[in-house]
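# Reading the structure
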Amino acid sequence: MLNKIFERKGWKLTFILLLPLIIFIISIMLGRYNIGPFDVIRILFSTGLGEGLPDIPNIAQQLILRIRLPRILAALLVGASFGATGTAFQAIFKNPLVDSNILGVTSGAGFGASLAILLLSEQWQIQVSAFIFGLLAVFLAFLGSRLYKSTPILVLTLMGILIGSLFSSLTALLKYVADPLDALPAITFWLLGSLTGITWDNIGVLGVVTIIGVIFFMMIRWRLNILSLGDSEAKTLGINPTSNKVIIIIAATLMTAAAVSVSGVIGWVGLVIPHAGRLLVGPNHKSLLPVSVCLGAAYMMIIDDIARTLLPGEIPLGVLTGLIGVPILIILMRRNRTGW
Amino acid sequence: MNKALFRVVFSIVVLSMVLLGCSPKQETAVDVKLTLIDQAGITLTIPQPVERVISTYGPATSFIYAVGGGDRLVSASYLGARDPFGAMMMEKIDPNFREIQGDEFFSQEDFNLEHAASLNPDLIIVSSRSVWLESAAQLEIPIFQVFAETEETLKEAMLLTGEIFGSDAADQAAAWVDYYDEIVAGVQETTDRISLDQRVRVLFTGTEPLRVASGDMYQTSIIEAAGGISVSEELSGYWNDINLEQVAIWDPDVIIVPPYGGASVEAITESPEWQIIKAVQDGHVYRMPKLVVPWDTPAPDSVLGIVWMAQLLNPEIVDIDCKEEAAYFYNTFYEYQLTDEELTTICQFNVE
Amino acid sequence: MTVYLSAQNLSYAYSPGRTVLHDISLSVKAGETLYVLGRNGGGKTTLLSCLAGLLKPGTGSVRINDKNLYNYNGSERAQLIGLIPQMHLPVFAYSVEEMVMMGRTPHLNWMGAPSFEDKRVVEEAMEQVGISELREQPYIEISGGERQLTLIARGLAQQCQVLLMDEPTAHLDLSNQQRVLEIVQQLKLKGLSFIISSHAPNDAFGFADRVLLLNDGWVMDYGSPEDVLTEVMLSSVYGIQAEVVYAHDNGFKVPRAIVSRRPSNVAPESINEPGGFLYKVFEQRLSSPQLLIVTGLSGAGKTTWCSRLAKFAKARGFSVEGVLSPGIFETGKKTGISVESLSTGEAKQLASLRDSENAKLATPRWSFSPEILEWANQTLIQKDSKDLLVIDELGPLEFLQGKGLTAGLDRIDAGQYKVACAVVRSSLLPKALQRWPKAKVIHGSFQ
């Protein structure tokens, strides 16, 4: 039935684009605290915080509006961000096995967060530190690649991997000196990724950066096709590969740093989602990019739903994305045998 | 639990007197040795009396002080002595504290072999979770492993520590166990009357507001001993990360934060999101007290944790006074006389 | 017809001292095809990159529509010139239609959304090259010929007026080569210009209006295929014994193909057979100097062949000069090289086996005596040439380092001989033929 509808590309695309909305509505109704679906909808559409709905307990209204809503939005934004940046990086690096972490942004952010957990304590300080060190890592990789003249993208990739390893080692050092009773579990949990404790205050920057970033990538998505052909072909077709790639890397790094600083280290999403997108709509970035954004957002919301509802304790997101993402990738690679 | 009892009962204590030399007329060199089974189940022989002891484990250090062996420590890791208040109090309890503090050399992760050897110890007391046990064994100095994470193992650890440090210490350890049992029984007597659904529901959080103590942890035992119910007892393992929705489901009456790791009452009371929780609305968020050792950790001081919490949870029915007990406890087991001011400070419910 | 694209005095260096293009000028009119020929590494791809604006030449300029190419921005340039690179596969499995659509990039608005017009152009381009039915197929799965056609369609979709193609027929079978080149020919008739780099000079006869022959970055010749692709020119560029094969179309003799002749098997005795190969060579020496190159692997019998030729020549009364360098053998092993003057019959030891090997030297195994070499060179210097000059041998020393029997090299370069017989090992044969394209190559072995 579904397959028949999917035979028409338009329907398939519409369904994928609507997927985040559907998952969002389902997610907001899911939670360990039992609130009926109708009540959830009534709460969402009530404006005054709890004043207009005397029959629903105040705690339920507060939970939906102050806890679930920002958290699900954060999952949506983080997923959309990983979907967009992963797709863009796979295109400009001409490599379907990279995501936006390839230049070390996540390792840098991990170090920044660990450092802040050790030295500072406030949630916002950890976020800012993660964001800054994420950008710093990519900047260092960039600076390092300037030392060499030839094949900048290759050297940049290598530098990204090196700087990433450097920051991972520094993080390991911090974990070593961290107090095993307090800072160490906090660092470990951050490094595994989580959206626990997300409030409206945390998602402001993430929201602005992600929305602007996704709009930017939507605007340049056709160019990703051209850039994926290689530098000389891009030039022949009137696209300057160097300046375009630099801008894309800056945009993707800002987005990834903003996402990771809120969610902690979450792997595999930016890698897996573009593959799923290509299987559904093909490699043309004109439709692949929006599809990856939507699939990423939906996927991340589902992962977070599992993380927050399956057990009384939170399951780290990084664990789930790995456990679910790797088998998905293996299946996709099997089905996608004939090139990407 | 049975296993722990088994160990306490069957800890083989052999005082063997071996005569060295052949002539009874000569000065007799008496070599006294103590053989016992430590909490890792390893049988070891410790020459008596122990004079130079390294403790690499904070709680174990507090056992040693509590049985009156503090003056025989040559280096020790401390629990709760990193913050200025804890350090200040520790210095009052033991003037040698600064000299023998060895946190930089010894912890569960680190063991500075050279430094240990240079101290010429006759016993090393360690956590059974220490990662370096094999390499430390190279020193061929007796290593006593402590595993005190529950009420039972804590009592066992105290009694064993007492034995190691000699008969006076053994008496002191037994006195502590008696005191502990007495307090628990006293509280239990009154709180038994409260039906389960009437008991105060407590959430014990960790170094972060959304990190809570599992049912396996000692904190849960304290809450239960004090006549309360730990809402997070369904969790297992160590500290668990949870979300606020789960807190809302548990809907605790009281939230307690620990006195370490940067945890603070304000992180909860001043968070807009936590306002949906009844305990926060009602202002029932408290910080566990400490002098040096936090009262929620499996250490001698935890008996005061029970006292404090019983008074907090069931003030009407429990006939027990934190100040009184704290004065007695520190006087008896740390030989330290708390001032009235100090007593008031540590026993109050809303500390900062 | 107006000149559409032209280059003046173009030169390009990848780094100082590594100049790969020297002073190249060319022009292409609308509806013209220019073939760029030359050996591997001769600078063809670099030239196309310069012409397409991918590389900025060190000196000189490229003009298109009478305006400097570098005064156009990237997207304007892409609307004027298309480049079809050497075959490489993209990572992602774009469909044929998508690949062609990418040619519309310079025409698209900033959002990159193809309009109805763009779709029409793409449709037309695919139709023109006949790949419409492949539209849905992944580009990386179609055949090499179809890929080349897809890229041509992409160039058409670009709507540029000149298409540069880098070795379009490489890796294609004969039928696909023909299919691609035929499409090129049809498009050319519609007014499109092509600059095609190729390793197939034969194609130039059929499809090129002009040919640019490159050798180590220098222009060897530039003009119509018939004028440029001569036997001597091809020999000197490719280092082969080139032979142009002609066809007779309606009474006109037209060049069709270039074949490379293999060394001939000639017996020295044929000097005595009237009408035989060597007999004729010695007859022709009266009108022009005749150069024979005797080639073969080491130990094939090159020296023996020459000494027998000298013997038979002397027997027929010809005067003989020059040197032979037979090996000195001890118990079956070659332990030295001697040199023997054919005019005096004197023989001396020229080289002996080295004790230690030193790979940095041109002749790591043999140590030459400078005095004997000088003596050998002296015997080669003659005021008036004898009937037969034998030079055994011209090896790496002579060709690569300018040492050794330089007197012999100079005499051949200067044409101071009647019949010269030079021994050159197989590996150096292309070098020798580039230097002396008119030489006749003989396989020096004893049957």
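Structural notes, computed from the coordinates. Since the model is a prediction, treat every value here as computed from it, not as a measurement.

## Here's the deal with the overall build of chain A
- A count of helices and strands for chain A gives 15 helices and zero strands.
- Radius of gyration (C-alpha) of chain A: 21 Å, near the 20 Å computed for a compact globule of 340 residues.
- Projecting the C-alpha coordinates of chain A onto the three principal axes gives extents of approximately 70 × 60 × 35 Å.
- For chain A, the proportion of its 340 residues judged to be buried stands at 57%.
- Relative to all contacts within chain A whose residues are 6 or more apart in sequence, the contacts with residues 24 or more apart total 73%.
- A total accessible area of about 14200 Å² is found for chain A, and carbon and sulfur atoms account for 70% of it.
- Positive and negative side-chain charges in chain A, numbering 23 and 14 respectively, have mean positions lying 16 Å apart.

## Brief notes about the state of the cysteines
Residue and element names in this part refer to chain B.
- Taken as a whole and judged by the stated rule, the model has one disulfide over all chains.
- Between the sulfur atoms of C322 and its disulfide mate C347 the distance is 2.0 Å. Taking the sign of the S-S torsion, -75° for the link of C322 and C347, the bridge is left-handed. Taken together, the positions of C322 in helix α14 (residues 322–333) and C347 in helix α15 (residues 340–347) put the pair 25 residues apart, joining distant regions of the chain.
- When its relative accessible area of 1% is taken as the criterion, C322 is described as buried.
- We classify C347 as buried; its relative accessible area is 9%.

## Considering the arrangement of the chains
- With two pairs of chains in contact, the largest contact count belongs to chains A and C.
- Chain C makes no contact with chain B, the minimum C-alpha separation between the two being 42 Å.

## Focus: the interface of chain C and chain A
- Taken together, the contacts link 30 residues of chain C with 26 residues of chain A.
- Summing both sides of the interface, chain C and chain A together bury roughly 2400 Å²; the carbon and sulfur share of this comes to 64%.
- Counting across the chain C and chain A interface gives one salt bridge.
- A salt bridge links R154(C) to E233(A); its shortest N-O distance comes to 2.5 Å.
- One can count eight residue pairs in polar contact (both at pLDDT 80 or more) joining chain C with chain A.
- Elements with a minimum of two residues in the side of chain C that touches chain A: α2 (74–80), β6 (81–84) and α3 (96–102) of chain C.
- Considering every element that reaches the side of chain C that touches chain A, the biggest residue donor is α3(C), with four residues.
- Across the side of chain C that touches chain A, the residue classes break down as 19 nonpolar, eight polar and three charged.

## A look at the pairing of strand β14 (residues 320–324) of chain C
All names here are of chain C.
- In terms of burial, β14 is largely enclosed, as five of its five residues are buried.
- Residue alternation in β14 divides its side chains into two sets, V320, G322 and L324 and E321 and V323, and both sets are buried.
- Here β14 runs beside strand β19 (residues 388–391); their pairing, made up of four bridges, is parallel. Its bridge partner lying in β19, V320 is registered against L388.
- Here β14 runs beside strand β16 (residues 333–341); their pairing, made up of two bridges, is antiparallel. Counted as the bridge partner of L324 is E340 from β16.

## Quick look at the nonpolar core
- Grouped together as the largest cluster of nonpolar side chains are 96 residues, with contacts concentrated most on F217(A) and I152(C).
- With sequence-adjacent residues up to four places away left out, F217(A) is seen in contact with A84(A), T85(A), A88(A), I248(A), A251(A), A252(A), M255(A) and L289(A).
- If you look at the next biggest cluster of nonpolar residues, it comprises 87 residues, including A81(B), M158(B), W239(B) and I256(B).

## Side note on the sheet that holds strand β8 (residues 200–204) of chain B
Residues and elements named next belong to chain B.
- The four strands lie next to each other as β10-β8-β12-β13, forming an open sheet whose pairing is parallel. Strand pairing shows two members of the sheet lacking a second neighbour, β10 (228–230) and β13 (285–287), which therefore form its edges. Between one strand and the next, the sheet's axes are offset by a mean angle of 35°, whatever the strand orientation.
- Examined bridge by bridge, β8 and strand β12 (residues 254–257) share three bridges and lie parallel to one another. By the bridge assignment for β12, F204 is matched with I256.

## Focus: the sheet that holds strand β8 (residues 193–198) of chain C
Residue and element names in this part refer to chain C.
- If you walk across this open sheet you meet the six strands as β6-β7-β8-β3-β9-β10, and the pairing is mixed. Strand pairing shows two members of the sheet lacking a second neighbour, β6 and β10 (218–223), which therefore form its edges. Put simply, the sheet's adjacent strands are angled 15° from each other on average, direction ignored.
- Pairing analysis gives five bridges linking strand β9 (residues 210–215) to β10, with the strands arranged antiparallel. Paired with L213 across the bridge in β10 is D221.
- Each of β3 (33–38), β7 (162–166) and β8 is contacted by helix α6 (residues 174–189), which is oriented at about 155° to β8, the strand it contacts most.
- Packed on one face of the sheet, helix α9 (residues 231–238) meets β3, β9 and β10 and runs near 35° to β9.

## Let's talk about the interface of chain A and chain B
- The interface of chain A with chain B comprises 27 residues on the first partner and 26 residues on the second.
- Each partner contributes to the roughly 2300 Å² buried at the junction of chain A and chain B, and carbon and sulfur atoms together form 59% of this total.
- If you look at where chain A meets chain B, you find one salt bridge.
- A salt bridge links E245(B) to R68(A); its shortest N-O distance comes to 2.6 Å.
- Inspection of the chain A/chain B interface yields eight residue pairs in polar contact (both at pLDDT 80 or more).
- When contributions to the side of chain A that touches chain B are tallied by element, the ones reaching two or more residues are α4 (58–92) and α8 (183–192) of chain A.
- Residue classes in the side of chain A that touches chain B are distributed as 13 nonpolar, six polar and eight charged.

## What about unusual backbone geometry?
- Along the chain, Q48(B) connects to P49(B) via a cis peptide bond; the corresponding omega equals -10°.
- Along the chain, P49(B) turns up in the loop between β3 (43–48) and β4 (53–55).
- Cis rather than trans, the peptide bond between D392(C) and E393(C) has omega equal to -10°.
- Position of E393(C) among the secondary structure elements: in the loop between β19 and α13 (396–401).

## Focus: the pairing of β6(C)
Residue and element names in this part refer to chain C.
- Judged by which residues are buried, β6 turns out to be covered on both faces: I81 and L83 on one side and G82 and I84 on the other are all buried.
- One ladder, built from four bridges, connects β6 with β7; its direction is parallel. Within the sheet, the bridge partner assigned to G82 lies in β7 and is L163.

## Some points on the environment of W110(C)
Residues and elements named next belong to chain C.
- Position of W110 among the secondary structure elements: in the loop between α3 and α4 (116–129).
- For W110, a relative accessible area of 59% translates into the label exposed.
- When the C-alpha positions of W110 and S367 are compared, they lie 70 Å apart, and in sequence the two are 257 residues distant.

## Quick look at the pattern of salt bridges
All names here are of chain C.
- Here the structure, examined in full by the defined rule, presents 32 salt bridges over all chains.
- Of the charged contacts in the structure, one is a salt bridge between E117 and R120, with a shortest N-O distance of 3.0 Å. Here the residue E117 and the residue R120 both occupy positions in helix α4, the gap between them amounting to three residues, near one helical turn.
- Classification of E117 as partly exposed rests on a relative accessible area of 38%.
- A residue is classified by how much of its surface remains accessible, and R120, at 37% relative accessible area, is partly exposed.

## Here's the deal with helix α13 (residues 269–281) of chain A
All names here are of chain A.
- Taking 1.5 Å as the rise per residue, α13 with 13 residues should run 18 Å; its terminal C-alpha atoms sit 18 Å apart, in good agreement.
- Burial analysis of α13 places 11 of its 13 residues in the buried class, the great majority of the element.
- Taken residue by residue, α13 has V269, G270, L271, V272, I273, P274, H275, A276, G277, R278 and V281 as its buried positions.
- Looking at the residues trailing α13, positive phi occurs at G282, about 90°.

## Let's talk about the environment of D319(B)
- Along the polypeptide, D319(B) turns up in the loop between α13 (302–313) and α14.
- Sequence separation between D319(B) and V187(B) is 132 residues; the distance between their C-alpha atoms is 8.1 Å.

About the cut-offs
Residues numbered from 1 in each chain as written. Chains lettered and ligands numbered in written order. Predicted model: local features only at pLDDT ≥ 70, side-chain atom pairs only at ≥ 80, totals over all residues. Heavy atoms only, no water. Helix = DSSP H or I, 4+ residues; strand = E, 2+ residues; numbered from the N terminus. Rg over C-alpha atoms; globule rule 2.2 N^0.38 Å. Buried < 20%, exposed > 50% of the residue type's maximum accessible area, 1.4 Å probe, protein only. Contact = heavy atoms within 4.5 Å. Areas by Shrake-Rupley, 256 points an atom, 1.4 Å probe, with all protein chains shown as cover. Lys, Arg positive; Asp, Glu negative; His and termini not counted. Charge placed at Lys NZ, Arg CZ, Asp CG, Glu CD. Disulfide = S-S within 2.5 Å. Buried area = accessible area lost by both parts, 1.4 Å probe. Salt bridge = Lys/Arg side-chain N within 4 Å of Asp/Glu carboxyl O. Polar contact = N/O pair within 3.5 Å; in protein donor to acceptor, adjacent residues only side chain to side chain. Nonpolar A, V, L, I, M, F, W, Y, C, P; charged D, E, K, R; others polar. Pairing = 2+ DSSP bridges. Core = buried A, V, L, I, M, F, W, Y, C linked by side-chain atoms within 4.5 Å. Axes fitted to C-alpha atoms, helices over the stretch in contact; angles between N-to-C directions. Expected span 1.5 Å × (residues − 1).

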